[in-house]
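# Understanding the architecture of this molecule
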Amino acid sequence: MKERWLALNLREQRLILAMGSVVVFFLLYTLIWKPLNNNIDSATSKVSRYQKLQTLVNTETARFKSIADAGSKARSSGSLSSIVNRTAGRNQIDIARMQPKGDDIQVWVDEVSFNQLLAWLEQLSTRENISVKTIDLINADQPGVVKVRSLQLGRH
């Protein structure tokens, strides 16, 4: 290899060195620099999306707390199970099973629209002064529909 190199004239050696430099630069750019910049851009956009999401969550949390504080003045009469049954019926939610658990009540719902579930829970919190203690949801077969595996409700 060295003999071939020495057999080339000076102009050909410089041309090969220049071409080698261009190839090395191209490889460094395509294998290191460009993927690194793409990853940085991707991470920056993710951070931006997460910041927007956090802002939205903070705003909605503050809104929910203000609604809950305003609604906590009114207290519904009747047993917890009757209030849950009545409000679920108004919101077209079919309760699969309900079981008392101390001062709270445990509720199971087979399938319900997620937005419908949120509206019902908001109504329970704001109008009936009933809060969600724990909730366990799983996705149903249809988009936007969930199964409530466990929902524990209690008075504030």
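A brief look at the structure comes next. Because the structure is a prediction, the values reported are computed rather than measured.

Parameters and conventions
- Residues numbered from 1 in each chain as written.
- Predicted model: local features only at pLDDT ≥ 70, side-chain atom pairs only at ≥ 80, totals over all residues.
- Heavy atoms only, no water.
- Buried < 20%, exposed > 50% of the residue type's maximum accessible area, 1.4 Å probe, protein only.
- Helix = DSSP H or I, 4+ residues; strand = E, 2+ residues; numbered from the N terminus.
- Polar contact = N/O pair within 3.5 Å; in protein donor to acceptor, adjacent residues only side chain to side chain.
- Contact = heavy atoms within 4.5 Å.
- Pairing = 2+ DSSP bridges.

With that settled, consider unusual backbone geometry. With the exception of glycine, the majority of residues adopt a negative phi angle, and the majority of peptide bonds are in the trans configuration. Its identity as a non-glycine residue notwithstanding, glutamine 92 has a phi of 55°, on the positive side. Residue glutamine 92 is classed as exposed on the basis of its relative accessible area, which comes to 62%. Non-glycine residue asparagine 129 carries a positive phi angle of around 60°. When you line up the elements, asparagine 129 lands in the loop between helix H4 (114-126) and strand E3 (130-139).

With respect to the helices and strands, the residue serine 150 is situated in strand E4 (residues 145-155). Side chain to side chain, serine 150 and glutamine 106 meet in a polar contact 2.3 Å long. If we skip the residues at most four places from it in the chain, serine 150 touches Gln106, Val107, Trp108, Thr134, Ile135 and Asp136.

Among the structural elements, leucine 56 can be located in helix H2 (residues 10-71). A relative accessible area of 48% places leucine 56 in the partly exposed class. Measuring from C-alpha to C-alpha, the distance between leucine 56 and methionine 19 comes to 54 Å, with 37 residues separating the pair along the chain.

With respect to burial, strand E2 (residues 104-113) is a largely interior element, 7 of its 10 residues being buried. In the sheet, strand E1 (residues 95-101) pairs with E2 via 6 bridges, with the strands oriented antiparallel. Bridging across to E2, glutamine 99 finds its partner in glutamine 106. Two successive antiparallel strands, E1 and E2, enclose a turn made up of 2 residues, where glycine 102 displays a positive phi of approximately 70°. Bridge analysis of E2 against E4 gives 6 bridges, and the strand direction is antiparallel. Within E4, the residue paired with isoleucine 105 across the bridge is leucine 153.

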